[in-house]
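# Fold and geometry: a report
Residues per chain, in single letters:
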Amino acid sequence: MYWKSWDCLAILCRRRAIATCLRAAHSAIPRIKSLPRGKPARQKSSPRQETIMPTTPVEQPLAEAEADSDVRTSTAARSASSRHAPRYRDIDQLAAGDACMHDLIERGKRLIDRGIPVLILGETGTGKEYLSRALHDYSARRRASWIAVNCASIPESLAESELFGYCKGAFSGALPGGMKGKVQQADGGTLFLDEIGDMPLALQTRLLRVLSEREVIPLGARHPVPVDVQLICATHQDLKTLIAEGRFREDLYYRVAGGVLRLPALRERSDRRRLVMQMITEELGRPADDSVIEAAALQRLLAYPWPGNLRQMHAVIRYSCAVMNGGRIEVRDLPEELMQFQPATLAEVHPITRTAQIRPFTSRAEGEAGRERSSGDPYRDERTRVIDALNGSRWNISAASRQLGMCRASLYRKLRQLDIPHVRDQAMPAYPAYAVA
Ligand SMILES: Nc1ncnc2c1ncn2[C@@H]1O[C@H](COP(=O)(O)OP(=O)(O)OP(=O)(O)O)[C@@H](O)[C@H]1O
């Protein structure tokens, strides 16, 4: 009897526990339903990683957004996607469809695979930092740190301790335990030296030593510390000119420029349309097609010369997505500089639709005279410049593209834009001289 009552009690308790669990699960159902459907935030496995990659943007709470009205939909999805938009891009997302970019990225991968120091050149906002980060994330060192240092923004007095660190008691005001410098923090990973052209000369000498000896001596330390870093440097400056002016060490140049990747300016990229759509997709948190942007607005975005490159385009898309009504970007939703960009100006900057009359130069002298002449018409001047380069290289595309500072694919594209028939396409004589009538 005694044991039976204990048994009953145990059964009752178990039932109550099960009931409690069921009640708890039931009350949790609405909460589970209201959770966003996207993947959980993808965190880097290594605690040493400097930046955490957030959630994939496209998978943000779309279902909620679809259920709402148009305007509320975009607002909800927008704020969510902006919050979760990844800071950096995957390496294969960087070339939205441009052949030159694709080529450059493939070369970058091969350099990183072999641990060769990479120097990224390009105008401001072309994505040098993004490329550096993407190369690191692609590399075998991706689980270790990617440490970025902007050489232009560290005060000269602090630069040494920032880069190389110091031991305790190295100087008054030093942290009691000393500090690891950026080079040591990047040990096993990647050190990204942005704006390397702005590095003070004294620091260049110390950096050169670190790179050649593969060891760093923190301030106040007696012994060097071995370091193993993949170096990626970037600059918008012409380092060769800085060398000629005595502002950059030539020996350091050869250490940092194991492989040079020159990012094209946005105006030279053939994938501007895809970039626009990619950016709108990220901003809205759902795939974008032609229905989200008015044709006239898209035309402006494609033709604008983008002096601030990807940074400017990103800012413009973000602005337009924020101010648009009814889920569609119209010309009035563009910032002022794009609204004022008139179709007449469009034709001058990107004369894709313009057909030009072509006539051969009658003589070499005429060609040279044309070279010195500036017509005041950017289309005509650009055309003359390209034709001069082609003439100078006997219509050898590789040589002409080198002379013009662009890749072969860009030059072929330019020939089409400028209505310059190429010998291969037009079965023209080997190297005739042409000019715009
Ligand atoms: N592939 C990309 N897709 C979308 N936006 C991009 C991309 N690359 C760059 N951006 C935008 O451009 C901005 C600038 O990129 P990044 O810092 O890599 O350029 P940068 O060439 O290093 O510029 P700077 O020379 O001024 O340092 C980014 O913050 C981002 O808004």
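Rules of the game
Residues numbered from 1 in each chain as written. Predicted model: local features only at pLDDT ≥ 70, side-chain atom pairs only at ≥ 80, totals over all residues. Helix = DSSP H or I, 4+ residues; strand = E, 2+ residues; numbered from the N terminus. Expected span 1.5 Å × (residues − 1). Buried ≥ 20, exposed ≤ 12 C-beta atoms within 10 Å, placed from the backbone. Arc of directions from axis to C-beta. Near = placed C-beta within 6 Å. Domains from an automatic or database assignment. Pairing = 2+ DSSP bridges. Axes fitted to C-alpha atoms, helices over the stretch in contact; angles between N-to-C directions. Core = buried A, V, L, I, M, F, W, Y, C linked by C-beta atoms within 7 Å. pLDDT = per-residue confidence, 0-100. Contact = placed C-beta atoms within 7 Å.

## Digging into helix H13 (residues 309-323)
In this model, H13 (15 residues) spans 21 Å end to end at C-alpha, consistent with the 21 Å of a helix rising 1.5 Å per residue. Of all the positions in H13, only Asn-309, Leu-310, Val-316, Ile-317, Ser-320 and Cys-321 are classed as buried. Seen end-on, H13 carries its buried residues on one side only, within an arc spanning 125°.

## Let's talk about the site of the ligand
Close to the ligand lie 17 residues, the nearest being Gly-127, Lys-128, Glu-129, Arg-311 and His-314. When contributions to the shell around the ligand are tallied by element, the ones reaching two or more residues are helix H5 (128-138) and H13. No fewer than three residues from each of domain 1 (99-262) and domain 2 (270-350) sit in the shell around the ligand.

## With respect to the pairing of strand E8 (residues 230-235)
Most of E8 sits inside the fold, with six of its six residues counted as buried. Residues of E8 alternate between two faces, with Gln-230, Ile-232 and Ala-234 on one and Leu-231, Cys-233 and Thr-235 on the opposite face, all of them buried. By the bridge criterion, four bridges tie strand E1 (residues 118-121) to E8 in an arrangement that is parallel. By the bridge assignment for E8, Ile-120 is matched with Ala-234. Where strand E5 (residues 190-194) lies against E8, five bridges are found, and the strand directions are parallel. Bridging from a neighbouring strand, Thr-190 pairs with Gln-230 of E8.

## Overview of the sheet that holds E5
Read from one edge to the other, the open sheet built from five strands follows the order E2-E5-E8-E1-E9, with strand pairing classed as parallel. Each edge of the open sheet is held by one strand with a lone partner, namely strand E2 (146-150) and strand E9 (259-262). Across the sheet, the mean angle from the axis of one strand to that of its neighbour is 20°, orientation sign disregarded.

## Structural notes on the environment of Ser-398
With respect to the helices and strands, the residue Ser-398 is situated in helix H18 (residues 397-404). Separated by ten residues in sequence, Ser-398 and Arg-408 have C-alpha atoms that sit 6.1 Å apart.

## Examining the pairing of E1
When E1 meets E9, the two strands line up parallel, connected through four bridges. Its bridge partner being in E9, Leu-121 is matched across the sheet by Arg-262.

## A closer look at unusual backbone geometry
Positive phi, close to 55°, is recorded for Glu-195, a residue that is not glycine. Along the chain, Glu-195 falls in the loop between E5 and helix H8 (201-213). You will see that Trp-306, though not glycine, has its phi angle at about 50°, which is positive. We classify Trp-306 as buried; it has 22 C-beta atoms within 10 Å.

## Examining the nonpolar core
Val-118, Ile-120, Val-149, Val-183, Leu-191, Phe-192 and Cys-233 are the most contacted members of the largest nonpolar core, which has 54 residues in total. Of the residues forming this core, the biggest block, six residues, is contributed by helix H4 (residues 99-113). Residues from two domains meet in this core; each of domain 1 (99-262) and domain 3 (358-436) gives at least three.

## Looking at the confidence of the model for the protein chain
Detailed reading of the predicted model is not advised wherever pLDDT is low. Per-residue pLDDT for the protein chain averages 74, and the proportion of residues at 70 or more is 68%. The model gives residues 344-372 a pLDDT under 50, and that stretch makes 38 contacts with residues more than four places away or in other chains. Long-range and interchain partners of residues 423-437, a stretch whose pLDDT sits below 50, account for 33 contacts in this model, where long-range means more than four residues apart. At the level of chain-chain contacts, confidence expressed as ipTM amounts to 0.98, with global pTM at 0.65.

## A short note on the environment of Leu-111
Tracing the chain through its elements places Leu-111 in helix H4. Among the residues examined, Leu-111 registers 21 C-beta atoms within 10 Å and is labelled buried. For Leu-111 and Val-260, which are 149 residues apart along the polypeptide, the C-alpha to C-alpha distance reads 9.5 Å. Those residues in contact with Leu-111 that lie beyond four places of it in its chain are Ile-116, Val-118, Gly-258 and Gly-259.

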